[in-house]
Every structure is written in C-alpha cells, then in structure tokens.
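An overview of the molecular structure
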Amino acid sequence: MSEGYSFKGQPLAMPPGYDDQPMNTVRRVNPEYENIKAWISSVGASIAMNDLVGNGLSDGVCVVDTRTDAVVVTYTPTAPDADRFTPFVLDPVALPMDAAMAPTGCTPGDYNGDGRMDILVSYWGRTPIVFLAKSGATELSNAAYHPVELVPHESPDGRYHGPRWNTDAIYVGDLDGSGHPSIVVGNYFPDSDVLDPNGLKNTTMNTSLSSAVNAGGDHVMQWLGGTSGEKPTVSYVENKKAIPYADATGWTLAIAGAELTDSGLPDLYIANDFGRDHLLHNISTPGNIRFKTVKGERTPTTPKSFVLGKDSFKGMGVDFADINGEGKFDILVSNIDQAWGLEESNFVFVNNSESRADMADSLSKGVAPFTQEAADYGLAWTGWCWDVKAGDFLNNGDMSVVQATGFVQGETDRWAWLQEMAMMNDVLLSTPKMWPKLTPGSDISGHNVLAFYARSSKDGAYVNISKELGITDDTPTRAIATADTTGTGALDFAVARQWGPPVFYANTATDRGNALDLNLYRPSVDEASAGSGLAGLGAPAYNATVTVKTPSGTQTSQLDGGGGHSGFRSFGVHFGLGDHSGATSVEVKWRDVDGTLHRETTQLAPGTHNLMLTDTIEEVSGR
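Here's a quick rundown of the structure. (Residues numbered from 1 in each chain as written. Predicted model: local features only at pLDDT ≥ 70, side-chain atom pairs only at ≥ 80, totals over all residues. Heavy atoms only, no water.)

**Structural notes on the pairing of strand E39 (residues 607-613)**
Remember that side chains alternate between the two faces of the sheet whenever the strand is regular. Burial within E39 is extensive, with five of its seven residues counted as buried. Relative to E39, strand E31 (residues 514-522) runs parallel, the two being bridged by six bridges. The residue of E39 that forms the bridge with Asn519 is Asn610. Looking at chain direction, E39 and strand E40 (residues 617-620) are connected through four bridges and run antiparallel. Along E40, the bridge assignment pairs Leu613 with Ile617. (Buried < 20%, exposed > 50% of the residue type's maximum accessible area, 1.4 Å probe, protein only. Helix = DSSP H or I, 4+ residues; strand = E, 2+ residues; numbered from the N terminus. Pairing = 2+ DSSP bridges.)

Okay, here's the thing in structure tokens:
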C-alpha cells in the first residue's frame, strides 16, 4: 500500500530569534481548572496553507503555536524566492488583548472581497479578529494588515469588554447564496474565564459524556459589507436563528461543509465533543441564513451511535470528500477510538443517494441518506483523533486520508482514571474539581503517531502506512493543511503539533499520475489592483463545486473556504487523473458576486488553470 508514496518532512521557517525564547508546555488556567490543567492545555494548535502573497501559489502558511501563543505567518520550504519574506508574528496591535486570551485558529480568506488574502484568528478568551490586508501593501509583514473585530464592541478604557468566547472550530462559506463569505464560529467552553489565573469562578465542564448541550455552541456570522484601502473594513452580524437552538449548544470541535444537493448552498456537519453531531441542511435565501437538522435512519442491526445525528461519540474532526469517485460527497469524522482506552469508532458516512435530486428530496423530509461504514473501509480505529483531511497525493484517482492524533503526553498513564470518570454520575461531571487529576506528567493517548491512510488495490480498504513513510514522531498533532504548493500537481501537507513545532511534508513521489488543479475566482471589488501588490487575480469563488469526468469515472470536489478542526486546506481544487492525458470534461457550479447560481461544462487539459467565474467561465493568465 505504501508503494509510490514519498514525503520529505521539513521544518517551517520561523521569525528571527523565535526559537530562542522560552517555550511553554502547559497553559495558565483558571484556578477552578488547576487540577485538570493538562486537559485544558490539550488544544489550540492550528495551521493553514494558502496564497498569501497573491502570486498564484498556495505556499504561504499561518500557524498557531501553543508553545508561545503566537500566530506566525511564514512560507513553505517549497516556496520560490518571489514568495518568500521574513516570517513574522501576527499582532493585533491596538485591539484590546490580555493574558486570559490565547489564539486557537488562523483561517485565510478574502473577507472583504478585494482579492487580497486576509487572516481570521480565533481565540480562547475573546471573539475572533480579522486581519485585513491593506491595499497599499506590497510585501507581507505585520504592518501589511489592519486588524478589525469580527464582533464589534466598545473599549473606552483600552481593555477588552466583549464576550469571552472559547473557539475551537471555524467554517467559512457562502451560506446564503449572496456571493459573500459568512462565518460559523464553533465554541467549546461557554463564555468564561478559562485561561485567566485570576478569573471569576464562572467555569464549568460538560454535563454529560454523551449528551452534553451546555457549551459555548455555534454562532453564525452573516456578511454585511466590506471595503478596501489602507484601513479596510468588513462587517458581520450574528444571525441567532440560523441554526435550531437545540442543536447550537454543543461542545463544538469541528465544522465542515459541502453542497450535497444542487442548491449551490453548503450543508454543514458540526462535530461535537460529549454528544451528538449534527448534519444541517441549508435552506437559506439571500440575506436569510437558515438550517434544518436532518438525521439518518436506524435499522434493526445499526448501533444508535452509527446513525448520523444520533451518536454519543466524541466528535473531534470532520471532512467532506468523494472517497469513492462517484461524484458525491461522503463524510469523514474523527472520534476517540483508542484501543484499551475508549474504543468508539471513527465515522465514514457513505453517501447513498442516487443523485443530487434524490439527496435534496431526502433532506427535505429530514432524512440523511448516509450509512456508517468506517470498519469496512479500514478507517474505524486510529487512536485519539483530531483533524482529518482527504486528498489524492498520487494523482491516481484514489483519496488518501491524513488524521491528526494524540491527546496529553506525559510519563504516567491516566487512562484508568479517565475510565473511572466515564462511569461517574453525570450530576458530578460539570464540576471541574470532581474530574480526575490531570496535571503535567499525565499521559492519555500521548504517544499516538500521525496517521496516513492509503487505499489498498486488493480490497479497497484503507491501511495506515505512516511507519512505512517514516512518519514516526509521537508528538501529539492537532491540525492538517493540504495544498499544491508548487503548481506542479503534487499535493503537499503540513501539520500543527500541540506543544511541538509544526512540520511540512513535501510530496516527493516520483511516479504520480496527471492532475487537474483549478484556481477559481470571482471579480474583486478592487479589480483595478488585480494581480498587483498582495492582490490575486480575483476573490475566491467560495463553495464553487466542480465535477470532472474521465474514462475511469467521476469525481467531485469544491473550493473549501475553511473547515475541519483547526487545519485549513488551500483554495485550490485538486483532482488526480491517473494516466488520462487528454481533455477532461469539467462541470463548474458557482455563485457570482450578485449571488446568481451558474453551471457550465468545459473541456480542460491536465495542469493548472485559473478560471474567472462571472456569468460564464473565462480562463485567465496568472502572474
């Protein structure tokens, strides 16, 4: 199964002197959490790859490093000289910050539609900040960004007075078909002083290990407007009725989306710790975001937790991918499935609809036509799992799956204590001091290794080939980003580690198939600057869905605006074509800047194509 795969692990360039500073291995926490500070310190690492400089290659990187609580902007080891810059720490400068805050995610995106890549940073201890790229900036540095609040609030004394959100998941997409990106913020702890050693006693834990709904939950931020310039702006307002309230209060760790029907609108999967995940069917209209909860159907032989929307597992990561090459999106979900620990199961929800119209009919009736088949696919049991990303790294038409793993690393195994807690009365769970002591030195699944699953040519099942690839470092991993960083059709990936340095894996396979890579744009609001400074050819065509047909079958993918646990793939849409070298039938479905839905089929040769999507498809030249 490992035949043909080859990756070279490399460090990322960090800011000058960065590695000389003290590196933390645990967080300062609210005194109420002191006895479980290792647990509280178990998340926060994030990574993303995208085209930050506007040159057409997704070789820019942003990293949240928990060792320093810094957001670092850098480049991949594969970046050409023209895309390199002095790595720097992204600093909100004048916006109020305090010691009770820590970044947990960095999501590139064009939030004001001016063709420049901005960065959304989420936190524990405050609401997210959008770092908007300035129109006059010609090279990347902290000065190239103007930070603005995602959730406006007053600060008459220079201190933070907004809500204490504790965010672990971000999804970005055109939710209402308006032609602009909205944002779903998934919070874990309720608004509280989690990281404040002098904080209020306003802390809590989950009220159940299987059905908790007392968390920070999910906030849908609807796009209102944006401007370009030296002080660019973007405006969002929270739509509190978008998600049914009963399904918006979970302990959210991951969110992903994809268009399951022909509506041109992304449906969402929300992965919650300690309780039910939710598949939300998008029934929005322009300016009015609305979701309807749908669930799978149970048969006499189906365990309840294997029914979509009825599980009691610990949702940690999610990705939509066409893993069978049938032109339909399936759903990969990470859970906790540690042998001799908590042996649940990952999910592979296979799309059983006959067509997108059939899917639309089922969802309209509240039924999600998916069956859980992780064991059959060889993806059921990995360890303590987090972010998950699928991609075709050999360009042979088969998806591989990369999965982040590991929880708390230490010397003393505390699984027995955790198992005792699992049998504790739910009434006691919400009190942090009733939890088993988990301080530095404790170990719970702390030596899992990043999993790389390749598909077997014999039976189609997946096999973990990390060891064969030389991936053996057991530092807990959290987030995964994928991108074609060289424009050669080779899909690379990067990984964020919890309490360890990030790592980039360059795809060095020598026998890859042909590939089709699409950069999909809409005209930006600053068309005159397109292709100059930090501006790319246009604004990303959020949620554009692409279906390709070759003699070997049909594949579908999308421009993923950002989703998962805390790792974010690039905006490039990548297809492996195997030995097919002729023209490929490519159907693109997109919303234009006014929100009008379009669909067009064209013929494209293997390689990289820049497509401008207006009311038609036009291929344009890059820089």
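**What to know about the environment of Trp384**
Following the sequence through the fold, Trp384 ends up in the loop between helix H3 (374-377) and strand E22 (385-391). Its relative accessible area of 3% is what places Trp384 among the buried residues. A sequence separation of 346 residues divides Trp384 from Ala38, and the C-alpha atoms of the two residues are 15 Å apart.

**Let's talk about the side chain of Arg569**
On the secondary structure map, Arg569 appears in the loop between strand E35 (567-568) and strand E36 (573-578). Assessed through its relative accessible area of 14%, Arg569 is described here as buried. A distance of 2.9 Å separates the side chain of Arg569 from the side chain of Asp319, its partner in a polar contact. Side chain to side chain, Arg569 and Asp560 meet in a polar contact 2.9 Å long. (Polar contact = N/O pair within 3.5 Å; in protein donor to acceptor, adjacent residues only side chain to side chain.)

**Examining helix H2 (residues 356-364)**
Among the residues making up H2, those that are buried are Arg356, Met359, Ser362 and Leu363. Down the axis of H2, the buried side of the element spans an arc of 120°, and every buried residue falls inside it. One or two steps after H2, the chain reaches Gly366, where phi turns positive at roughly 85°. (Arc of directions from axis to C-beta.)

**Describing the layout of surface pockets**
Empty space within the largest pocket amounts to approximately 420 Å³. For the largest pocket, the lining is made up of 33 residues, of which Leu491, Arg569, Gly572, Val573 and His574 are closest to its centre. Of the residues belonging to the lining of the largest pocket, the class tally is 11 nonpolar, 16 polar and six charged. (1 Å grid on protein atoms, 1.4 Å probe; cavity = no way out; pocket = protein on both sides within 12 Å on 5 of 7 lines; lining within 4 Å. Points joined across faces, edges and corners; volume = space filled by probe spheres on them. Nonpolar A, V, L, I, M, F, W, Y, C, P; charged D, E, K, R; others polar.)

**With respect to unusual backbone geometry**
Excluding glycine, a negative phi dihedral is what most residues carry, and trans is how most peptide bonds are arranged. For Phe274, which is not glycine, the phi dihedral falls at a positive 60°. Looking at the secondary structure, you find Phe274 in the loop between strand E15 (267-273) and strand E16 (278-282). The class for Phe274 is buried, based on a relative accessible area of 3%. Despite not being glycine, Asn395 shows a phi value in the positive range, around 55°. Residue position: Asn395 is located in the loop between E22 and strand E23 (400-405).

**What to know about the sheet that holds E15**
Strand order in the open sheet formed by four strands is E14-E15-E16-E17, and the pairing between neighbours is antiparallel. Looking at the sheet topology across the chains shown, the edges are occupied by strand E14 (251-258) and strand E17 (291-294). Each strand of the sheet is rotated relative to its neighbour by a mean of 30°, with strand direction disregarded. For E14 and E15, the ladder comprises seven bridges, and the chain directions are antiparallel. Residue pairing across strands places Ala254 opposite Ala271, the latter belonging to E15. (Axes fitted to C-alpha atoms, helices over the stretch in contact; angles between N-to-C directions.)

**Side note on the packing of aromatic side chains**
Under the criterion given, the structure shown has 30 aromatic pairs. Both rings, one in Phe7 and one in Phe493, keep their centres 5.2 Å apart while their planes meet at 75°; by these two values the pair is edge-to-face. Placement of Phe7 in strand E1 (residues 7-11) and of Phe493 in strand E29 (residues 492-497) is noted, with a sequence separation of 486 residues between them. This pair shows no difference in class: Phe7 is buried, exactly as Phe493 is. A centroid spacing of 6.4 Å and a plane angle of 40° characterise the contact between Tyr188 and Phe274, whose relative ring orientation is tilted. Highlighted residues: Tyr188 in the loop between strand E11 (182-187) and strand E12 (217-227) and Phe274 in the loop between E15 and E16, separated in sequence by 86 residues. A relative accessible area of 6% places Tyr188 in the buried class. Grouped by ring-pair contacts, the aromatic residues Tyr5, Phe7, Phe393, Phe452, Phe493 and Tyr505 constitute a single cluster. The side chain of Arg126 reaches across the aromatic face of Tyr123, ending 5.8 Å from its centre. Against the face of Trp417 rests Arg414, its NZ or CZ located 3.9 Å from the ring centre. (Phe/Tyr/Trp six-rings, centres within 6.5 Å; stacked < 30°, edge-to-face > 60°. Lys NZ or Arg CZ within 6 Å of the ring centre and 35° of its normal.)

**Notes on the pattern of salt bridges**
Overall, the coordinates contain 21 salt bridges when judged by the stated rule. Notably, a salt bridge pairs Asp526 with Arg116, separated by 3.0 Å at the nearest N-O pair. You can see Asp526 sitting in the loop between E31 and strand E32 (539-540) and its partner Arg116 sitting in the loop between strand E6 (102-109) and strand E7 (118-124), a full 410 residues away along the chain. Among the ionic pairs, Asp262 bridges to Lys589, the shortest N-O distance being 2.4 Å. Of this pair, Asp262 sits in the loop between E14 and E15 while Lys589 is found in strand E37 (residues 584-591), placing the two residues 327 residues apart along the sequence. (Salt bridge = Lys/Arg side-chain N within 4 Å of Asp/Glu carboxyl O.)

**Quick word on the sheet that holds E12**
As summarised here, the arrangement of the four strands in space is E10-E11-E12-E13, forming an open sheet in which the pairing is antiparallel. Of all the strands in the sheet, the pair left with one neighbour each is strand E10 (167-173) and strand E13 (233-238). Adjacent strand axes in the sheet meet at a mean angle of 25°, parallel and antiparallel pairs treated alike. Where E11 lies against E12, five bridges are found, and the strand directions are antiparallel. Across the sheet, residue Val185 finds its bridge partner in E12, namely His219.

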